[in-house]
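# Summary of the model geometry
Chain by chain, the residues run as shown.
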Amino acid sequence: MTLTRTTCPYCGVGCGVLAGPDGTIKGDPDHPANYGRLCSKGSALGETIDLEGRLLHPKVGSQRASWDMALDLVADEFNAAIAEYGPDSVAFYASGQLLTEDYYVANKLMKGFIGSANIDTNSRLCMASSVAGHKRAFGTDTVPGTYEDLEEADLIVLVGSNLAWCHPVLFQRIAAAKEARPDMRIVNIDPRRTATTDLADVHLQIAPDGDVALFNELLTYIADHNRIDATYTHHHVNGLADALAVARQSNPADSGLSQQEIASFNAIWSGTEKVVTIYSQGVNQSQCGTDKVNAILNCHLATGRIGKPGMGPFSVTGQPNAMGGREVGGLANMLANHLELGNADHRQAVQDFWKSPTICMRPGLKAVDLFKACAEGDIKALWVMSTNPAVSLPDADGVAAAIRNVPFVVTSDIMDRTDTSDLAHVCLPATGWGEKDGTVTNSERRISRQRAFLPAPGSARPDWSIISDVATRMGFGAAFAYEEPADVFAEYVALDAAVSHFPRDLDLSIFADADYANLIPTQWPHNDKRFFADGQFYHPDGKARMIPVTAPALTSPRFTLNTGRNRDQWHTMTRTGKSARLGPHLAEPYLEIHPADAASLKVAPGDLIEVENIYGSAVLRALVTSRVAPGQLFAPMHWTRQRTKHGVINAVTMPVTDPFSGQPALKAGAVNASVYRPKWYGFLAAAASLTPQTPYAAIARTQTGWQAELAGRKIPDDWVAAARELSGLTAGEVALQTDPATGDVRVAIEVDGKVAALFFASPKPVILSRAAVVAVIGTTTAPLQALAGRTPADQPDPGPTVCACFNVGRNTLLVAAAEGARSVAVLGEVTCAGTNCGSCKPELAALLEEASVPMAAE
Ligand SMILES: Nc1nc2c(c(=O)[nH]1)N[C@H]1C(S)=C(S)[C@@H](COP(=O)(O)OP(=O)(O)OC[C@H]3O[C@@H](n4cnc5c(=O)[nH]c(N)nc54)[C@H](O)[C@@H]3O)O[C@H]1N2
Ligand SMILES: Nc1nc2c(c(=O)[nH]1)N[C@H]1C(S)=C(S)[C@@H](COP(=O)(O)OP(=O)(O)OC[C@H]3O[C@@H](n4cnc5c(=O)[nH]c(N)nc54)[C@H](O)[C@@H]3O)O[C@H]1N2
Ligand code: SF4
Ligand SMILES: [Mo]
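Residues numbered from 1 in each chain as written. Chains lettered and ligands numbered in written order. Predicted model: local features only at pLDDT ≥ 70, side-chain atom pairs only at ≥ 80, totals over all residues. Heavy atoms only, no water.

A word on the overall build of the protein chain. When its secondary structure is counted, the protein chain shows 27 helices and 34 strands. Radius of gyration (C-alpha) of the protein chain: 27 Å, near the 29 Å computed for a compact globule of 858 residues. Projected onto its principal axes, the C-alpha positions of the protein chain cover 80 × 70 × 55 Å. The buried share of the protein chain, taken over its 858 residues, is 62%. Contacts in the protein chain between residues far apart in sequence, at least 24 positions, make up 72% of those at least 6 positions apart. Carbon and sulfur atoms provide 52% of the accessible area of the protein chain, an area that totals close to 30,400 Å². Within the protein chain, the 91 negative side-chain charges are centred at a point lying 2 Å from the centre of the 72 positive side-chain charges. (Helix = DSSP H or I, 4+ residues; strand = E, 2+ residues; numbered from the N terminus. Rg over C-alpha atoms; globule rule 2.2 N^0.38 Å. Buried < 20%, exposed > 50% of the residue type's maximum accessible area, 1.4 Å probe, protein only. Contact = heavy atoms within 4.5 Å. Areas by Shrake-Rupley, 256 points an atom, 1.4 Å probe, with all protein chains shown as cover. Lys, Arg positive; Asp, Glu negative; His and termini not counted. Charge placed at Lys NZ, Arg CZ, Asp CG, Glu CD.)

This paragraph deals with the site of ligand 1. Neighbouring ligand 1 are 34 residues; Asp190, Asp211, Ser280, Arg565 and Gln569 lie closest to it. Contact distances for ligand 1 include 3.3 Å between a nitrogen atom and a backbone N or O atom of Gly160. With respect to ligand 1, the side chain of Asn562 contributes an N or O atom lying 2.8 Å from an oxygen atom. Protein burial of ligand 1: of its 920 Å² of free accessible surface, 99% is covered by the chains. Among the elements of the structure, α6 (163-166), α12 (281-284) and β21 (559-564) are those that each provide at least two residues to the shell around ligand 1. Its residues assigned to classes, the shell around ligand 1 shows nine nonpolar, 16 polar and nine charged. Structurally, the shell around ligand 1 is a two-domain feature, drawing no fewer than three residues from each of domain 3 (128-315) and domain 4 (559-676). (Near = heavy atom within 4 Å. Polar contact = N/O pair within 3.5 Å; in protein donor to acceptor, adjacent residues only side chain to side chain. Nonpolar A, V, L, I, M, F, W, Y, C, P; charged D, E, K, R; others polar. Domains from an automatic or database assignment.)

By convention here, two paired aromatic rings are described through the distance between centres and the angle between planes. Summed over the entire model, instances satisfying the criterion amount to 26 aromatic pairs. Here the aromatic rings of Phe489 and Tyr492 are separated by 6.1 Å at their centres, their planes lie at 65°, and the arrangement is edge-to-face. Placement of both Phe489 and Tyr492 in helix α20 (residues 485-498) is noted, with a separation of three residues, approximately one turn of the helix. Tyr492 shares its class with Phe489; the two are buried. Sitting above the plane of the Phe660 ring, Arg136 keeps its charged end 4.4 Å from the centroid. Here Lys380 stacks its cationic end above the ring of Tyr85, 4.6 Å away from the centre of that ring. (Phe/Tyr/Trp six-rings, centres within 6.5 Å; stacked < 30°, edge-to-face > 60°. Lys NZ or Arg CZ within 6 Å of the ring centre and 35° of its normal.)

Tallying each qualifying case throughout the model produces 41 salt bridges. Residues Glu340 and Lys135 are paired through a salt bridge, measuring 3.8 Å at the closest nitrogen-oxygen approach. Pair noted here: Glu340 is in the loop between α14 (322-327) and α15 (344-354) and Lys135 is in helix α4 (residues 128-138), with a separation of 205 residues, a long-range link. Residue Glu340 is classed as partly exposed on the basis of its relative accessible area of 31%. (Salt bridge = Lys/Arg side-chain N within 4 Å of Asp/Glu carboxyl O.)

On the basis of which strands lie adjacent, the open sheet formed by six strands has the order β28-β29-β27-β32-β31-β30 and antiparallel pairing. Two strands close off the open sheet at either side, each with one partner strand: β28 (696-702) and β30 (733-739). Between one strand axis and the next, the sheet turns through 10° on average, direction left out of account. Strand direction decides the pairing type here: β30 and strand β31 (residues 744-751), joined by seven bridges, are antiparallel. Bridge pairing in β31 links Asp739 to Asp744. In the packing of helix α22 (residues 719-727) onto the sheet, contacts are made with β27 (680-686), β29 (705-712), β30, β31 and β32 (754-762), and the angle to β31 comes to roughly 55°. (Pairing = 2+ DSSP bridges. Axes fitted to C-alpha atoms, helices over the stretch in contact; angles between N-to-C directions.)

With that settled, consider the site of ligand 2. The environment of ligand 2 is formed by 32 residues, the closest being Gln97, Ser392, Asp413, Thr572 and Asn650. Within the contact set of ligand 2, a nitrogen atom lies 3.3 Å away from a side-chain nitrogen or oxygen of Ser386. Relative to its free-state accessible area of 920 Å², ligand 2 is covered by the protein chains to the extent of 99%. Within the shell around ligand 2, the residues separate by chemical class into eight nonpolar, 18 polar and six charged.

Turning next to the environment of Arg545. In this fold, Arg545 is placed in strand β20 (residues 544-545). Under the relative-accessibility criterion, Arg545 is labelled partly exposed at 34%. For the pair Arg545 and Gly139, spaced 406 residues apart in the sequence, the C-alpha separation amounts to 8.3 Å. Look past the residues within four positions of Arg545 in its chain and what remains in contact with it is Arg136, Ala137, Asn238, Leu301, His539 and Pro540.

Below, the discussion takes up the domain arrangement of the protein chain. Domain annotation for the protein chain reports domain 1 (4-48), domain 2 (59-125 + 321-523), domain 3 (128-315), domain 4 (559-676), domain 5 (680-786) and domain 6 (801-850). For domain 2 and domain 4, the distance between their C-alpha centres works out to 31 Å. Across the boundary between the two partners, domain 2 contributes 22 residues, which contact 25 residues of domain 4. Summing the contributions of domain 2 and of domain 4, the shared interface buries around 1,900 Å²; its carbon and sulfur component is 52%. (Buried area = accessible area lost by both parts, 1.4 Å probe.)

What follows is about helix α10 (residues 240-248). Among the residues of α10, Ala243, Leu244 and Ala247 are the ones counted as buried. The buried side chains of α10 occupy one side of the element, clustering within an arc of 95° when seen end-on. Pointing more than 90 degrees away from the buried face of α10 are the exposed residues Ala241 and Asp242. Those residues of α10 hidden inside the fold are in contact with α8 (211-224) and α13 (289-302). (Arc of directions from axis to C-beta.)

A few words now on the environment of Ala349. Tracing the chain through its elements places Ala349 in helix α15. We classify Ala349 as buried; its relative accessible area is 16%. Sequence spacing of Ala349 and Phe502 is 153 residues, and the spatial spacing of their C-alpha atoms is 9.9 Å. Once residues within four sequence positions are removed from consideration, Ala349 is found in contact with Val499 and Phe502.

The subject of this paragraph is the side chain of Asp102. Counting through the fold element by element, Asp102 comes out in helix α3 (residues 100-114). Exposure remark for Asp102: the relative accessible area of 1% places this residue in the buried category. Within the structure, Asp102 has its side chain in polar contact with the side chain of Lys436 (distance 3.3 Å). Setting aside anything within four residues of it in sequence, one finds Asp102 in contact with Lys436, Asp463, Trp464 and Ile467.

Glancing now at the sheet that holds strand β1 (residues 4-7). In spatial order, the strands read β1-β2-β3; together these three strands make up an open sheet with antiparallel pairing. Two strands bound the open sheet, and with one partner strand each, they are β1 and β3 (25-27). Between one strand axis and the next, the sheet turns by 35° as a mean value, whatever way the strands run. Note: strand β2 (residues 16-19) against β3, three bridges, orientation antiparallel. Residue pairing for β3: Leu18 is matched across the bridge by Lys26.

With that settled, consider the nonpolar core. Judged by nonpolar contacts, the single largest core of 115 residues is most densely connected at Phe78, Phe92, Leu109, Ile189, Phe215, Phe265 and Trp383. Residue assignment places this core across two domains, with domain 2 (59-125 + 321-523) and domain 3 (128-315) each supplying three or more. Discounting chain neighbours no more than four positions away, the residues touching Phe78 are Val90, Ala91, Phe92, Ala381, Leu382, Trp383, Phe408, Val410 and Met474. Ile25, Leu158, Ile278 and Val316 belong to the second-largest nonpolar core, a separate cluster that totals 41 residues. (Core = buried A, V, L, I, M, F, W, Y, C linked by side-chain atoms within 4.5 Å.)

What follows is the structure in structure tokens.
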């Protein structure tokens, strides 16, 4: 079988993948992002391309509709709203997961033909502060670094980045470089301890939003210890004196770090020439995100540590095409191809090139404001493409209500049901990864092809063609007559050539004669150019700017809620949630809470906690751990209303934004927390899918079907009836066990001689081996044995999954450690764990450390 060369659809590392229609997935050894490696999510791609849950045909209301009918309706409704209320009464909300071709066409339709800039995207929640910070410092939104810089650096500082889980292949490249050069130093700046911390030499457990105070203090130190590169700043940088004067006013204590921690950080940073500072959402998603970015850039500019191998600031991008979206200008305050919306010459040039009837004159609404406008009735027609804002935006319940308030809502998605498409009037089926063709740009500006290796399912169509069809029906056919994505890409490159007289960083000339079908991964501007090597920046005087940034004072709400990502899930889980291999790593929404706080709230491990504020509430499983500091909580962003009853964490994040970027502060909100005491806790495993309606419920895919963690407020009168209702199994033989002493209840349901569902309930959190229960589903095990909830005596209980690729559990690993495995490599030899994608290596290392504690004490 020939495998198709394509690119992973998840994170911004942009790994090359070799894929086949039977689900074969391999790392592409020739792709310069990964040289053959893949992480757990990439390796499991083959399990996510089946058609279960897919939207296969357009829907109008809940009815299947023809493409003609659906597209006519969309075009008519948008035209009607524009005619009656003007172009700013309609909006698109798009995504860094669209391909460049999709994104280019959406941006062109809104800005050049509808004539509004009301197109914003989930990149507003993701990279907007980096964009704003780069523009202030460099005059352009340039990410100057390359992945090789990370391997060449002597010091890597990771600020607000859990690279081990979120950019695993890049993390593995760094880990390999550190192994080869043990002198390489890694500093991790994060309010909590993560898998990334495990590789770091130093962990600075900074206070939430303490970053500006820390980097201002570093700048002051650099100045006071004659580390400023005076020749460089003289020729290439403006604003040093002002930035330094303001930095001197910062109080280092606002970083939440001790004087000693700050002193040693200052010494190592300023004393190491080759330093790369990597930053991500702990920087961007903040009320002072843009200032955090500039506080970091200030230090690199003051020392001239930018534009040279092995050094520089490096904003790692989240989504597979966050960079492509920025390039085509797909945000409400951008034009196209890194041109300025506020520049009349730029606007004219784009309008001339597009031969468009109009061009937007002023910035459109940024994401949070866009949904506020929906709530206020100002948006009459909204089109959401490739994103799930009813889950991923702050104040998610408010956003869902705002979407409901829009008279006409369209979604384009690959899935039939998402929390957002449930609110839409028209749902359009898009082709997904593996079925569509186009390009994406990764974190180091490398453009790679995504290529189809599967047929389009049902009548699904690629996003660029859906948008072009609507544009045509709105009356703009001549400008949207693309036949294939290559036509769009060629136009995008041609626009770049047409505006090349404007000084910009974006330069796509290397793609002018590109063979689109056979395009190999290529960096812009061209593979050997290094940005800023010549000290030239893009402000009119050619110099970079240091920006004075004021550090916010420390605050101390009772609880600060931090949010982020899990290793094996992608955002709202519409794809990774389908994989049984990825499910068990962390199978329900959880809340990390410090042991001291847990004690004061009377929360024991496994209890449920309710977090709430004026926006809403969420109920999550307590994960009592000193990885978070006292007073801080951490919850994953992944769980939706489809997978939980009450676990959408954005119900309690606040829609407050950074004043420059408009990016919401998703990492530090004030919440209250209290123990949630149900009358009973439950665990249910079943062969068929589950939609339990208990006050707390979280479902996950398993190797044998589905599982649900449950909790109820009322003890059912009849447990068997309850088990039947929760599992949806009205037929079948039932076995019931009750223990009046403990109140424990166990129910088995067998259909055609096979275990179809097992239900466990207890007044206390249910303790049993989930893996053992799940393994019995679908087998002919006798009910009594199935209800034991234990792995049969002749088989060891593997414990919770650590390695997703080989399904190796924690207990198996602890046994291997006890039997003498003392390194990650040996653990791998003995159990296979960590030997495929390697994403669990940090956890293996942590487990070894933990396992060796009692031995050391002996
Ligand atoms: N597995 C997985 N990988 C992904 C994704 C996914 O959904 N799943 N999504 C992708 C996307 S779109 C993105 S944007 C990236 C995000 O990648 P990351 O930014 O690395 O991930 P997060 O978990 O959102 O947040 C990173 C860290 O910021 C820390 N933090 C919080 N507040 C502060 C602060 O005030 N200062 C500092 N210094 N740190 C703070 C958090 O504790 C957290 O550990 O991941 C990408 N990769
Ligand atoms: N609390 C909290 N909230 C956050 C964050 C956080 O750290 N904390 N991070 C924020 C960040 S950085 C991001 S990037 C966002 C991500 O948030 P979202 O973008 O809302 O999350 P996804 O689940 O990636 O949504 C992508 C949607 O597109 C669909 N899809 C997949 N492929 C295609 C395709 O080819 N075409 C079309 N039309 N649809 C497709 C998927 O089924 C899914 O419904 O979340 C943000 N929200
Ligand atoms: S690191 Fe993993 S998720 Fe990111 S692109 Fe590579 S394989 Fe995909
Ligand atoms: Mo993101």
